[in-house]
Amino acid sequence: MANFDPRELRNVLGAFVTGVTVITTVDGDGIPRGVTVNSFSSVSLDPPLVLWSQALKASSYPVFRDAKRFVVNILAEDQIEVSRRFSSNIENRFEGMNYHLGLGGVPVLDGCSAFLECRSFASYPGGDHAVFLGEVENFERTPRKPLAFGGGRYMVAYAHESGPTTPEAGAEGLAQLKAVRMGCAALPELRDKTGLNLIASVWGNRGPTVVHWEPSTDALTESIRVGRVMSTLDSATGSVFTAFLPRAVTQAIIDEERSAALAAGLPAPKQEELDAGIDENRRRGVVIRAPIEPTEPGKPHRVTVSVPVLDHAGQPALVLSATGPIPATGCGLDAPLVNTMVTAAAALSRQLGYKPAG
Ligand SMILES: Cc1cc2nc3c(=O)[nH]c(=O)nc-3n(C[C@H](O)[C@H](O)[C@H](O)COP(=O)(O)O)c2cc1C
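Counting starts from 1 at the beginning of each chain's written sequence and moves along it residue by residue. For this predicted model, a pLDDT threshold of at least 70 governs which residues receive local features, and a threshold of 80 or more governs which side-chain atom pairs are given and counted, while totals over whole chains, interfaces and linings are taken from all residues.

**Student:** Pulling in residues and values, what's your account of the packing of helix H5 (residues 236-244) against helix H7 (residues 271-284)?
**Tutor:** Geometry is summarised by axes, namely lines fitted to C-alpha atoms with helices restricted to the contacting stretch, and by angles between N-to-C directions that run from 0 to 180 degrees. Strands here mean DSSP runs of E at least two residues long; helices mean DSSP runs of H or I at least four residues long; both are numbered from the N terminus. Their axes nearest at 8 Å, the elements H5 and H7 cross at an angle of 90°. With respect to each other, H5 and H7 are oriented roughly perpendicular. Where H5 approaches H7, its residues Ser239, Val240, Thr242, Ala243 and Phe244 are matched on the opposing element by Gly277, Ile278, Asn281 and Arg282. Side-chain classes follow a simple rule in which Ala, Val, Leu, Ile, Met, Phe, Trp, Tyr, Cys and Pro form the nonpolar group, Asp, Glu, Lys and Arg form the charged group, and the remainder, Gly included, forms the polar group. Within the contact of H5 with H7, the residues separate by chemical class into four nonpolar, four polar and one charged. An angle counts as roughly parallel when it lies under 35 degrees, as roughly antiparallel when it exceeds 145, as roughly perpendicular when it falls between 65 and 115, and as oblique in every other case. Once C-beta atoms are placed from the backbone, any two residues with those atoms within 7 Å are in contact.

In structure tokens:
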């Protein structure tokens, strides 16, 4: 036996992102059977062959071993529940499901991204699994986007941007669109890692504007809304934008906010204070507001950690903010939460073509 940790092997194999299928058949009594499978792969075009593998210990293994036919149902992105159902111990997995009977009376599930109806072609031993080959006899594709699976979790599949982002005319808008797509796709994982709400904001006509967010199950979320404009002077997100955007872009909004604060008799930072803060935030590459006093006694303190996603020109195409309750001990620059956010933003910036100086 090779000397490695089987859990680590599983993690490595999980780096290969796949689709998710439900393989269906009918047993000797004419009862529909199905299992969730991501070991599906294409093999040959002439003849048209596909394969999948099944654990020998699966209760349905004898059924698939003896089956004359099977259908590969390629699940669509909104069918996570179907995937769960066909890998669960629910007694009748087909109950309440919409399907029709295809070639040989094998069930074809409704709402899938595509399906392939196969005749059993060959099977091979594969350690604790059996490998089944099927010859494709009929197939259909729909416009539904497929569900993806990798790293032990369900994923959504986006088409990758083609070509590098260049500083040509029109590229600015495209770079930002790419940043928004990538940033939004990264939010669920960051939310899981930090346990906080994750917010993506762009610099809009009125200042820092929320374009997407992922709610945390155990964090305070009342005030977060898509489209909400945040304070430029008095929010961590705003401070990141003012630190990284040219002054010519932010000054009008800063002036407007300062005048409104003064008119309302509220304190507003002087320009020198603002400039000092901007330099400091730019150098650190992160803004932390913590701990923010609880609004009601007994409620936890809140923290917000905001980081820029920089484009090829070093401009913040997007700001990511993690916000929610933390223990009253606070959150320093060396906190794991800060490291997680800074690392994620740096990785996204690199993907946008940003090259740090030096
Ligand atoms: C995303 C996903 C992919 C899976 N892929 C496979 C696979 O390729 N082969 C396999 O034997 N089991 C796979 N499983 C586990 C089976 O779905 C599960 O063990 C099976 O439904 C057991 O059913 P049975 O005991 O009724 O046969 C997968 C489960 C999930 C959630």
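There is more to say, and it comes next.
**Student:** Explain the site of the ligand to me, using residue names and the numbers behind them.
**Tutor:** In this analysis, residues qualify as near a molecule or strand once their C-beta atom, positioned from backbone atoms, comes within 6 Å of it. Around the ligand sit 16 residues in total, of which Ser39, Ala58, Ser59, Ser60 and Ser87 are the nearest. Listed by contribution, the elements that provide at least two residues to the shell around the ligand are strand E3 (32-37) and strand E5 (48-55). Among the residues making up the shell around the ligand, the classes are represented as seven nonpolar, nine polar and no charged.

**Student:** Outline the nonpolar core, supporting the account with residue identities and numerical values.
**Tutor:** One nonpolar core equals one set of buried Ala, Val, Leu, Ile, Met, Phe, Trp, Tyr and Cys residues connected by C-beta atoms within 7 Å. Here a residue counts as buried when 20 or more other C-beta atoms sit within 10 Å of its C-beta, as exposed when there are 12 or fewer, and as partly exposed otherwise, the C-beta atoms being derived from the backbone. Counting residues in each nonpolar core, the largest one holds 41 residues, and the members touching the most others are Val305, Val309, Leu320 and Met341. Looking at this core, the elements that each hand over two or more residues are helix H4 (171-194), strand E13 (197-204), strand E14 (207-214), H5, strand E15 (287-292), strand E16 (301-310), strand E17 (316-326) and helix H8 (336-351). Apart from residues lying up to four places away in sequence, Val305 is in contact with Ala236, Val286, Ile288, Ser321, Ala322, Cys331, Leu337, Val338 and Met341.

**Student:** Break down the sheet that holds strand E4 (residues 41-45) for me, with residues and values.
**Tutor:** Paired strands, as defined in this entry, are two strands with at least two bridges between them according to DSSP. Pairing is antiparallel in the open sheet, where seven strands are placed in the order E3-E2-E6-E9-E10-E5-E4. Strands at the two margins of the open sheet, each flanked by one partner only, are E3 and E4. Between one strand axis and the next, the sheet turns by 35° as a mean value, whatever way the strands run. Judged from the six bridges that link them, strand E2 (residues 21-26) and E3 form a sheet pairing that is antiparallel. Within the sheet, the bridge partner assigned to Val22 lies in E3 and is Thr36.

Shape is all these values report; function is a separate question.
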